Amino acid sequence: MKNYPPEFKADAVALYESRPDATIRSVAADLGINPETLRNWVRAAGASRPRGRRTQEMSQPPAPLEAENAALRKKVRELEEEREILRKAAKYFAGETRW
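Read on for a plain summary of the structure. (Residues numbered from 1 in each chain as written. Predicted model: local features only at pLDDT ≥ 70, side-chain atom pairs only at ≥ 80, totals over all residues. Heavy atoms only, no water.)

Describing helix H3 (residues 35-45)
Just so we agree on the cut-off: Throughout this description, buried means an accessible area under 20% of the type-specific maximum (1.4 Å probe, protein chains only), exposed means over 50%, and partly exposed covers the range between. Helix and strand assignments come from DSSP, with helices taken as H or I runs of at least 4 residues and strands as E runs of at least 2, each series counted from the N terminus. Each C-beta atom gives one direction from the helix axis, and the arc is the one those directions make. Two residues form a contact once any of their heavy atoms are found within 4.5 Å. For this analysis, a polar contact is any N or O atom pair within 3.5 Å, provided that within protein one partner can donate a hydrogen and the other can accept it, and provided that sequence-adjacent residues contribute only side-chain to side-chain pairs.
Residues Leu38, Trp41 and Val42 constitute the buried set of H3. The buried residues of H3 occupy one face: seen down the axis, they fall within an arc of 100 degrees. Along H3, exposed side chains directed more than 90 degrees from the buried face belong to Arg43 and Ala44. In this structure, the buried side of H3 is in contact with helix H1 (6-18) and helix H2 (24-31). Its side-chain oxygen at 2.8 Å from the backbone nitrogen of Glu36, Asn34 defines the N-terminal cap of H3.

A closer look at the packing of H1 against H2
In helix packing, the relevant descriptors are the interaxial angle and the interaxial distance, both defined with respect to the helix axes. Put simply, the test is: Note on method: axes are straight lines fitted to C-alpha atoms, helices fitted across the in-contact stretch only, with angles between N-to-C directions ranging 0 to 180 degrees. Throughout this description, any angle smaller than 35 degrees is read as roughly parallel, any larger than 145 degrees as roughly antiparallel, any in the 65 to 115 degree range as roughly perpendicular, and the remainder as oblique. Crossing handedness is defined as follows: a turn of the near helix away from the far one that is anticlockwise and smaller than a right angle gives a left-handed crossing, while the clockwise case is right-handed. By the convention adopted, Pro, Cys, Tyr, Trp, Phe, Met, Ile, Leu, Val and Ala count as nonpolar, Lys, Arg, Asp and Glu as charged, and the other residues, Gly among them, as polar.
Packing of H1 against H2 brings their axes to within 10 Å, and their N-to-C directions diverge by 135 degrees. Compared by their axis directions, H1 and H2 come out oblique. The handedness of the crossing between H1 and H2 comes out as right-handed. On the side of H1, the interface is formed by Phe8, Ala12, Leu15 and Tyr16, while H2 contributes Ile24, Val27 and Leu31. Residues that form the contact of H1 with H2 fall into these classes: seven nonpolar, no polar and no charged.

This is the structure:
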């Protein structure tokens, strides 16, 4: 097990905090250390920052185009479900009229 100086640990945690788009894995790879080692240092330092893209997206209001895209995706899902129901109904009734 390697022992790292406290300055290196503090710098590694500061580097992780300063790069909001980077992951622990990517910062650890840049520094040549094990990701779990860096994760433990971050936890010990009590460092916190928004996690992942989802948190960052939620903190900012969606742009008008993003909101429209979300509404359109929802509508497409609804229409696909309706189409599937109609296909099943058509198949059922087609089988019923063959008798």
